[in-house]
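Structure assessment
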Amino acid sequence: MRKAGIVLIIVFLVAAGCRESSDIHRRTQYLMGTVVTITVAGLADEDANRAMSAAFEEIRRLEGVLTFFSEDSDLGRINAAAGAREVLVSAETIEVLAEALRISDRSGGAFDPTIGPLVSLWGFEVKDRFVPPKEEIERARTLVNWRNMSVDPNLRTVRLERKGMKVDLGGIAKGYAADRAAETLRRHGVSSALVAVAGDIRALGEKAPGVAWHVGIQHPREPGAVLGSLRIADRSVSTSGDYERYFIKDGIRYHHILDPATGRPAAASRSATVLAPTTILSDALSTAAFVLGPEKGIGLVQSFPGVEAVIVDREGRVHVTPGLAGKVEGLAS
Ligand code: ADP
Ligand code: MG
């Protein structure tokens, strides 16, 4: 999760037609270090507002539990106890960590929630970054290993085996928050909504009967332009890209999605967009697919039922899973 900073909205919503109908309510707040937009359709003002306030509140609550930037959050306490003892955490933290470990395993470690020491070393939150010395990258890399984190769902405890290890849920927490916000909206009587936590988007129902939500995929090299767009209902879509937080040094782009195998920014992709039944899954898999690159990334997502992907490789070529062929609107194919 990211501290306050400059954030570009990487996926934006394409309004159907020129004007939106009057029963569409939309609100934006800055949470989890990014822009969160909730759109609710088909409800009166008061009901829509009450539901949206509850959903934003749920995201704010989860941010407090899962943030990397506080010592009292579950994550802060887990990291402070690394190499020393296990820590009792909330059910939400257990749920996110268990899913993170499942994706670590399934992706062969391309996704790794113990990426913290490398994230801190590269420090993409800070301006005027430089490339860390090789020895420091190596030292941090030896601390990154999801197999050295134990999660006990029964006791609700988490333990990091080595001192200096750090959990960072930046690649999965926003997706989880989008799921929980959508669930909060549903409990408040909403049956049609779109929750966008930056590039992690959850569609609840359809926009209107017979009309799916329309979501654009940011073009990784043309700010403000779309690569293509997707129609989704009761599904999630997440995009991970190298264009959101990065610096350029000697003509090389250094960005915030790191390959645990090298300790450096993953170089195989420009962006990875994943469609999945839940946002926790689309978020984690978009990060994993980005790191793995087009061939292995497409292979990974296809091993999950109901999951599809669009991956832009390092040369700008677009790869899509067979299930999405011809379904990305506006994509030259
Ligand atoms: P964004 O945060 O831009 O939406 P991602 O969902 O891909 O993009 O998450 C990137 C964030 O995940 C990084 O800022 C960092 O906190 C964390 N991260 C970086 N590399 C990895 C990795 N290989 N596995 C898991 N998390 C990662
Ligand atoms: Mg992600």
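The structure we're discussing is the one just above.
Nothing here was measured: the structure is a model prediction, and the numbers come from that model.

Moving on, we get to the sheet that holds strand 3 (residues 87-88). The strand order 3-5-4 describes an open sheet built from three strands, whose pairing is antiparallel. Each edge of the sheet is formed by a strand with only one pairing partner; in this case those strands are strand 3 and strand 4 (149-152). As judged from the four bridges shared by strand 4 and strand 5 (residues 157-160), these two strands associate in the antiparallel manner. Within strand 5, the position partnered with Ser150 by the bridge is Arg159. Helix-sheet contacts for helix 3 (residues 91-106) involve strand 4 and strand 5, and the interaxial angle to strand 4 is about 130°.

By the criterion of burial, strand 16 (residues 308-313) is predominantly enclosed, with six of the six residues buried. The side-chain alternation of strand 16 yields two buried faces, one formed by Glu308, Val310 and Val312 and the other by Ala309, Ile311 and Asp313. Here strand 15 (residues 269-276) runs beside strand 16; their pairing, made up of six bridges, is antiparallel. Counted as the bridge partner of Ala272 is Ile311 from strand 16. Taken together, the three bridges between strand 16 and strand 17 (residues 318-320) define a ladder with antiparallel strand orientation. Of the residues in strand 17, the one forming a bridge with Val312 is Val318. Hairpin connection of strand 16 to strand 17: four residues between the antiparallel strands, including Gly316 at a positive phi of 95°.

Okay, the pattern of salt bridges next. For the coordinates displayed, the defined rule picks out 20 salt bridges. The salt bridge partner of Glu138 is Arg141, with a shortest N-O separation of 3.0 Å. Highlighted residues: Glu138 and Arg141, both in helix 5 (residues 134-143), separated by three residues, approximately one helical turn. Accessibility expressed as a relative area gives 27% for Arg141, which makes it partly exposed. In this structure, Arg317 engages Asp313 in a salt bridge whose closest nitrogen and oxygen atoms are separated by 3.0 Å. What makes Asp313 buried here is its relative accessible area of 3%. Shared partners join several salt bridges into a network, and the residues in it are Glu58, Arg61, Glu92, Glu95 and Arg180.

Bringing the site of ligand 1 into the picture now. Neighbouring ligand 1 are 20 residues, the closest being Ser240, Glu244, Arg245, Leu258 and Thr287. The backbone of Ala110 places a nitrogen or oxygen atom 2.9 Å from a nitrogen atom of ligand 1. Measuring from an oxygen atom of ligand 1, one finds a side-chain N or O atom of Glu244 at 2.6 Å. When ligand 1 is considered free in solution it has 560 Å² of accessible area, and contact with the protein chains removes 98% of it. At a threshold of 2 Å from the grid points, most atoms of ligand 1 map onto the largest pocket. Broken down by element, the residue count for the shell around ligand 1 peaks at three residues, all from helix 7 (residues 279-292). Partitioning the shell around ligand 1 into residue classes produces eight nonpolar, five polar and seven charged.

With that settled, consider the sheet that holds strand 2 (residues 34-41). Taken in spatial order, the eight strands make up an open sheet running 1-2-6-7-10-15-16-17, and their pairing is antiparallel. The sheet terminates laterally at strand 1 (24-31) and strand 17, the two strands that pair on one side only. Strand-to-strand twist across the sheet, computed as the mean angle between neighbouring axes with direction ignored, equals 10°. Direction of pairing for strand 10 (residues 236-241) relative to strand 15: antiparallel, over a ladder of six bridges. Paired with Val237 across the strands is Leu275, a residue of strand 15.

Right, let's talk about the coordination of the magnesium ion (ligand 2) for a bit. Bound to the magnesium ion (ligand 2) on the protein side are Gly171 (O), Asp283 (O), Asp283 (OD) and Thr287 (OG1), at distances that span 2.0 to 2.8 Å. Between consecutive donor residues of the magnesium ion (ligand 2), the sequence gaps follow G-x111-D-x3-T. Residue Gly171 is found in the loop between strand 5 and helix 6 (173-187), and its partner Asp283 is found in helix 7; the two are separated by 112 residues along the sequence. The exposure class of Gly171 is buried, given its relative accessible area of 15%.

This paragraph deals with the nonpolar core. Core analysis: the largest hydrophobic core is formed by 69 residues, its most contacted members being Ile38, Ile78, Leu169 and Leu185. If one sorts the elements of this core by residue count, helix 1 (residues 45-66) sits on top with nine residues. Residues within four places of Ile78 in sequence aside, it is in contact with Val87, Val89, Thr93, Leu97, Val158, Leu160 and Val167. Formed by 19 residues, the second largest nonpolar core is a distinct cluster that contains Ile217, Val237, Leu275 and Leu324.

This brings us to the layout of surface pockets. Considering only enclosed or pocket space, the largest pocket measures out at about 630 Å³ in volume. Taken together, 34 residues line the largest pocket, and the ones lying closest to its centre are Asp168, Gly170, Gly171, Arg245 and His256. When residues of the lining of the largest pocket are traced back to their parent elements, those giving at least two are helix 4 (116-122), strand 10 and helix 7. A breakdown of the residues in the lining of the largest pocket according to their chemical character gives 14 nonpolar, 10 polar and 10 charged.

So, how was this worked out
- Residues numbered from 1 in each chain as written.
- Chains lettered and ligands numbered in written order.
- Predicted model: local features only at pLDDT ≥ 70, side-chain atom pairs only at ≥ 80, totals over all residues.
- Heavy atoms only, no water.
- Pairing = 2+ DSSP bridges.
- Helix = DSSP H or I, 4+ residues; strand = E, 2+ residues; numbered from the N terminus.
- Contact = heavy atoms within 4.5 Å.
- Axes fitted to C-alpha atoms, helices over the stretch in contact; angles between N-to-C directions.
- Buried < 20%, exposed > 50% of the residue type's maximum accessible area, 1.4 Å probe, protein only.
- Salt bridge = Lys/Arg side-chain N within 4 Å of Asp/Glu carboxyl O.
- Near = heavy atom within 4 Å.
- Polar contact = N/O pair within 3.5 Å; in protein donor to acceptor, adjacent residues only side chain to side chain.
- Areas by Shrake-Rupley, 256 points an atom, 1.4 Å probe, with all protein chains shown as cover.
- 1 Å grid on protein atoms, 1.4 Å probe; cavity = no way out; pocket = protein on both sides within 12 Å on 5 of 7 lines; lining within 4 Å.
- Sits in = over half its atoms within 2 Å of the grid points.
- Nonpolar A, V, L, I, M, F, W, Y, C, P; charged D, E, K, R; others polar.
- Donors = N, O, S within 2.8 Å, 3.2 Å for Na, K, Ca; no water.
- Core = buried A, V, L, I, M, F, W, Y, C linked by side-chain atoms within 4.5 Å.
- Points joined across faces, edges and corners; volume = space filled by probe spheres on them.

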